[in-house]
Structures are given as C-alpha cells and as structure tokens.
Amino acid sequence: MAFTYDDILLPLAITVIIDKKVRTPELRSFTRQATGLIEMFELEPMTGEEIRAWFRAHFQELEAKLTSARKNTLVLRALSKFKDDRDVEAVYDAMVSISVSDKEYVKAESELIKSAAAIWGFARPPLKVDKVSQK
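Please read these numbers as outputs of a predicted model, since none were measured by experiment. (Residues numbered from 1 in each chain as written. Predicted model: local features only at pLDDT ≥ 70, side-chain atom pairs only at ≥ 80, totals over all residues. Heavy atoms only, no water.)

Engineer: Whenever I open this one, the confidence of the model for the chain confuses me. Can you help?
Structural biologist: Any region with low pLDDT has predicted coordinates that should not be read closely. Summarising the model, the chain shows a mean pLDDT of 88, and 90% of its residues fall at 70 or more. Between the elements of the chain, mean pLDDT differs from a low of 86, seen in helix H6 (residues 107–119), to a high of 97, seen in helix H3 (residues 48–66). (pLDDT = per-residue confidence, 0-100. Helix = DSSP H or I, 4+ residues; strand = E, 2+ residues; numbered from the N terminus.)

Engineer: I'm lost on the packing of aromatic side chains in this one. Help?
Structural biologist: Two descriptors summarise a pair of aromatic rings, namely the distance from one centre to the other and the angle between the planes of the rings. Using the criterion set out here, one finds six aromatic pairs in the structure. When the centroid spacing of 4.7 Å and the interplanar angle of 20 degrees are considered together, the rings of Phe-3 and Phe-82 count as stacked. With Phe-3 in the segment before helix H1 (5–17) and Phe-82 in the loop between helix H4 (71–79) and helix H5 (85–100), the pair connects residues that are 79 residues apart, well separated along the chain. With relative accessibility at 7%, the residue Phe-3 sits in the buried group. Judged by its relative accessible area of 2%, Phe-82 falls in the buried class. Counting every residue linked through ring pairs, the aromatic cluster contains Phe-3, Phe-41 and Phe-82. (Phe/Tyr/Trp six-rings, centres within 6.5 Å; stacked < 30°, edge-to-face > 60°. Buried < 20%, exposed > 50% of the residue type's maximum accessible area, 1.4 Å probe, protein only.)

Engineer: Is there a simple way to think about unusual backbone geometry in this case?
Structural biologist: Only a minority of non-glycine residues have a phi that is not negative, and only a minority of peptide bonds are not trans. We note that Glu-42 has phi near 60 degrees; this positive angle belongs to a residue other than glycine. Along the polypeptide, Glu-42 turns up in the loop between helix H2 (24–40) and H3.

Engineer: Is there a simple way to explain a negative patch on the surface in this structure?
Structural biologist: On the surface, a cluster of negative charge is made up of Asp-84, Asp-85, Glu-89 and Asp-93. The residue Glu-89 is located in helix H5 in this model. (Patch = residues over 30% accessible without salt bridge, like charges linked within 9 Å, V, L, I, M, F, W, Y side chains within 5 Å. Areas by Shrake-Rupley, 256 points an atom, 1.4 Å probe, with all protein chains shown as cover. Salt bridge = Lys/Arg side-chain N within 4 Å of Asp/Glu carboxyl O. Lys, Arg positive; Asp, Glu negative; His and termini not counted. Charge placed at Lys NZ, Arg CZ, Asp CG, Glu CD.)

Engineer: What am I meant to see in the pattern of salt bridges here?
Structural biologist: Side chains bearing opposite charge may pair, as long as their charged atoms lie close to each other. Evaluated as defined, the whole model comprises five salt bridges. The closest approach of N and O atoms between Lys-81 and Asp-7, which form a salt bridge, is 3.5 Å. Taken as a pair, Lys-81 in the loop between H4 and H5 and Asp-7 in helix H1 lie far apart in primary sequence, 74 residues in all. Exposure remark for Lys-81: the relative accessible area of 30% places this residue in the partly exposed category. Residue Glu-61 pairs with Lys-65 through a salt bridge whose shortest N-O separation is 2.9 Å.

Put into structure tokens, the structure is as follows:
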C-alpha cells in the first residue's frame, strides 16, 4: 500500500498533541521520526521545516478532535491504515520514541501507546516506560 504524508504524520502528531502539551523534545522527536518514516515509505523527502509546517497546519484541528467525542475514531483511523508487520513496528517505535522524548509519564500518552499495541496485535506494549513524573 502506498502511504501519504498525512497517513505517516497523523499518528505521530497525535502522539505529540494527546498530552495537551507540545514540548520541544517531542517536536524534535516528531521531526526526526517523521523524516525516517517518510524515507522508509519511499516518499519524496520533506525538510524538517516542512514537517513542522505540516504539524502547525494540522495542530488546531487535531487538538479539537482529541478533546472531543471523536478522539477514539481519530486514533483508530490513524492507526488502522498500517497493517504489515514492518510498517506497524516502524510507526509504533516512532510513537514510543516521541512519547518518551520529554521524559514525562502522561496517562493519555500511555493509553495511546497501549491502544496502538492492542490495535496492532501486540500482547502488551513491547517497551516499558518508567514513570518519571505523573500528570
């Protein structure tokens, strides 16, 4: 299956936004992970600035959906596009990397990672994240 930039960037952006705080380490990780996935999925490369511009362009809409009754639908739609083991593992690893980049435990992020693991058929998340601080 051919993926679009939106397909690739959406689950990563959700991971950044879901905790209601956009931190610099998360944006750096988002950009780094997006760059790698875009290359892996063989799309034309985007610069870091283009990736961050995509994030800014979609931020308000995603933030609104993540605080509405449509949250679960958005997450399911974003994650269910990926089916092949290679794709699932790559996107999951990118999401986990973004989630832990700010070194904070946030329940909403943890629930997103657990949901992704369940949707993609992991018996449990293959990575344990220590609680640094609970919010």
